[in-house]
Amino acid sequence: MTDNFLLTTKTAKELYAYAKALPIIDYHNHLSLADIKENKRFTDIYDLWLAPDPYKHRAMRMCGVPEKYITGDADGKEKFIKWCETVPKLLGNPLYHWSVMELCAMLGKAVVPSARNAEDLYRECNEYLSENVVDVKYLLEVFNVEFASPCASLTDDISVFKDKSGLAPSLRGDDIVSVNGDFTKKLSDVTGMEIRTLCDFERAVKKRLCDFEEVGCRYSDHALDNGFTYHADDGSNADRFTDAVLGSITDTDREKLSSYILTFLAKEYSRIGFTMQLHIGAQRYTSTRLRKQAGAVGGFAAIGNSVDIKSLTIFLDVVDMSESGLPKTILFTLNPADNALISVLSGSYSKDGMPGIITQGPAWWWCDHKKGITDMLENTEVFGVLSNFVGMTTDSRSFLSFVRHDYFRRILCDCIGQRYESGEYFCGVDALKDMIFKLCYLNAKETI
């Protein structure tokens, strides 16, 4: 990997030289709250690089690596070697690039892991980790992370974020929307409030949202998975809430109650100034066997059908028509067929004098590669307003995944550089740098 990796024009190289020094605002990730709380020091490359990364686990399965060497009882060195043996098979896959970039970030040199160098790499990486204090604080500093927002449930212990400069939770709201008896009890315990009715539940949620706001939370996140259907409030959700807590709710009534709670939350996010992220289109249930074997986030989800645009637009319209109006909303689409559809929505809901109330999010999950990022940028550019784009985020469980910001910046600079040199942009390079500043830093910074 050369310094000019993914940069094909003179302008792209000049823009990247500017972009690479910008701080990182990572507004959505799944970094371990436990690791953050203890400022974990990493002493083994397997724990830092492979254990938290289901992207790599998925690729190993696809290449025929036995589960013993993925999530099984093999030791860390054996699993590391099996991953190194897998990397050369991944030409064209972003994991090939990311793996080289991740090791380069730590060791200061680009090397492609393979069966030939696996033993030496394992030894060299662990020597580095032994001789240097590589903890959470160090990793955030070395990647120039100004702000990171790991996901946290409404009932999680968020005291970890008190007095943590540059770290604040992003509220993961799926368990609120899919409320049940266990979640209600946890919410009651953490708020000290008795919850018997839907009104009690709403008051407890509001109290907990205030707790999140106090530790710096500025974002929420919900998964609108494959099959998302929105139902308008019919006045019967108080009874449905009781059924949900008792565990006797039907699937149809669950959809209706979830729609009501999601709407309630969106209004609250607008009231307190949270940016609402909607991750759209994942088919999370595929292999029951693998789910039992490796857990719910084991790396085997899939892309769902195209979004039910009628349901999505009705939901947004209901919130938009409310007294609070729409919160700033970022729409992440997993199905590439939805790119244009989602980009166009950015012009369908606006607030007077406020840019970018709705924007398309960065290429997400299975689309987080050169083609996916390029397609997302092109759709945002022609169907929306590229200068409103909020920028990259890792959506990862691995601290080394912050290299994906560099990966994105290279692709972004190349796209803009190519258009400039082909004569499509009539401005000067300084104007392009202003755009890079907004897309890589400022727009995300302004959501904090």
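Quick notes on the rules
- The numbers attached to residues start from 1 for each chain and follow its sequence in the written order.
- With pLDDT at 70 or above as the cut-off, local features in this predicted model cover only qualifying residues; side-chain atom pairs require 80 or more to be listed or tallied, and sums for whole chains, interfaces and linings still use all residues.
- The side-chain values count all of the structure's non-hydrogen atoms but skip hydrogen atoms and water molecules.
- Note: two strands are recorded as paired if DSSP finds a minimum of 2 bridges between them.
- Segments assigned H or I by DSSP are reported as helices when at least four residues long, segments assigned E as strands when at least two residues long, and all are numbered from the N terminus.
- Note on geometry: axes are lines fitted to C-alpha atoms, helical ones only across the stretch in contact, with angles between N-to-C directions running from 0 to 180 degrees.
- The buried label goes to any residue with under 20% of its type's maximum accessible area, the exposed label to any with over 50%, and the partly exposed label to all in between, with areas taken from a 1.4 Å probe on protein chains only.
- Every residue pair with non-hydrogen atoms within 4.5 Å of one another is taken to be in contact.
- Residues adjacent in sequence count toward polar contacts only when both atoms are side-chain atoms; beyond that, a polar contact is any pair of N or O atoms within 3.5 Å, and within protein one must be able to donate a hydrogen and the other to accept it.
- The method works on a 1 Å grid over the protein atoms by themselves. A cavity is a set of points holding a 1.4 Å probe that cannot get out, a pocket is an open set with protein on both sides within 12 Å along at least five of seven lines, and residues with an atom within 4 Å of a point line them.
- Grid points are joined across faces, edges and corners, and a volume is the space filled by probe spheres set on the points.
- In this classification, Asp, Glu, Lys and Arg are treated as charged, Ala, Val, Leu, Ile, Met, Phe, Trp, Tyr, Cys and Pro as nonpolar, and every other residue, Gly included, as polar.

A. How the structure looks around the sheet that holds strand β8 (residues 329–333). The strand order β1-β2-β3-β4-β5-β8-β9 describes an open sheet built from 7 strands, whose pairing is parallel. Single-partner strands in this sheet number two, and they are β1 (24–29) and β9 (358–360). Averaged over all pairs of adjacent strands, the angle between their axes in this sheet comes to 20°, without regard to strand direction. Both strand β4 (residues 219–224) and strand β5 (residues 275–280) contribute to a ladder of 6 bridges, which runs parallel. Counterpart to Leu-224 in the pairing with β5 is Ile-280.

B. Up close: the environment of Glu-255. By the element assignment, Glu-255 lies in helix α13 (residues 251–272). Among the residues examined, Glu-255 registers a relative accessible area of 33% and is labelled partly exposed. Contacts of Glu-255, omitting those with residues within four sequence positions, involve Thr-229 and His-231. At 2.9 Å, the side chain of Glu-255 and the side chain of His-231 are in polar contact.

C. Local environment of the layout of surface pockets. The volume enclosed by the largest pocket comes to roughly 1,500 Å³. Only α4 (54–62), β2 (145–153), α9 (174–177), β4, α13 and β6 (282–283) provide two or more residues apiece to the lining of the largest pocket. With 6 residues, the top contributor of residues to the lining of the largest pocket is α13. Of the residues contributing to the lining of the largest pocket, the split by class is 19 nonpolar, 16 polar and 13 charged. Empty space within the second largest pocket amounts to approximately 570 Å³. Lining the second largest pocket are 22 residues, and of these Tyr-16, Lys-20, Met-101, Asp-406 and Arg-410 lie nearest its centre. Taken together, the elements giving at least two residues each to the lining of the second largest pocket come down to α1 (10–19), α6 (94–107) and α18 (403–421). A per-element tally of the lining of the second largest pocket places α18 first, with 5 residues. Along the lines of polarity and charge, the residues of the lining of the second largest pocket split into 12 nonpolar, 4 polar and 6 charged.

D. Broad picture of the environment of Thr-329. Here Thr-329 lies in strand β8. In the structure, Thr-329 is positioned 32 residues away from Gly-361 in sequence and 9.1 Å away in space, judged by C-alpha atoms. In this structure, Thr-329 is in contact with Met-276, Leu-278, Ile-357, Ile-358 and Thr-359, ignoring residues within four places of it in sequence.

E. Inspection of the side chain of Arg-410 at higher detail. Structurally, Arg-410 can be placed in helix α18. Residues in contact with Arg-410, not counting those within four places in the same chain, are Thr-2, Asp-3, Asn-4, Phe-5, Leu-6, Leu-7 and Tyr-16.

F. Molecular detail of unusual backbone geometry. A positive phi angle is found at Asn-144, which is not glycine, with a value near 60°. In this structure Asn-144 comes out as partly exposed when scored by relative accessible area, which is 35%. Even without a glycine there, the phi angle at Asp-163 is positive, about 60°. Its location among the elements puts Asp-163 in the loop between β2 and β3 (170–172). The exposed category is assigned to Asp-163, whose relative accessible area is 83%.

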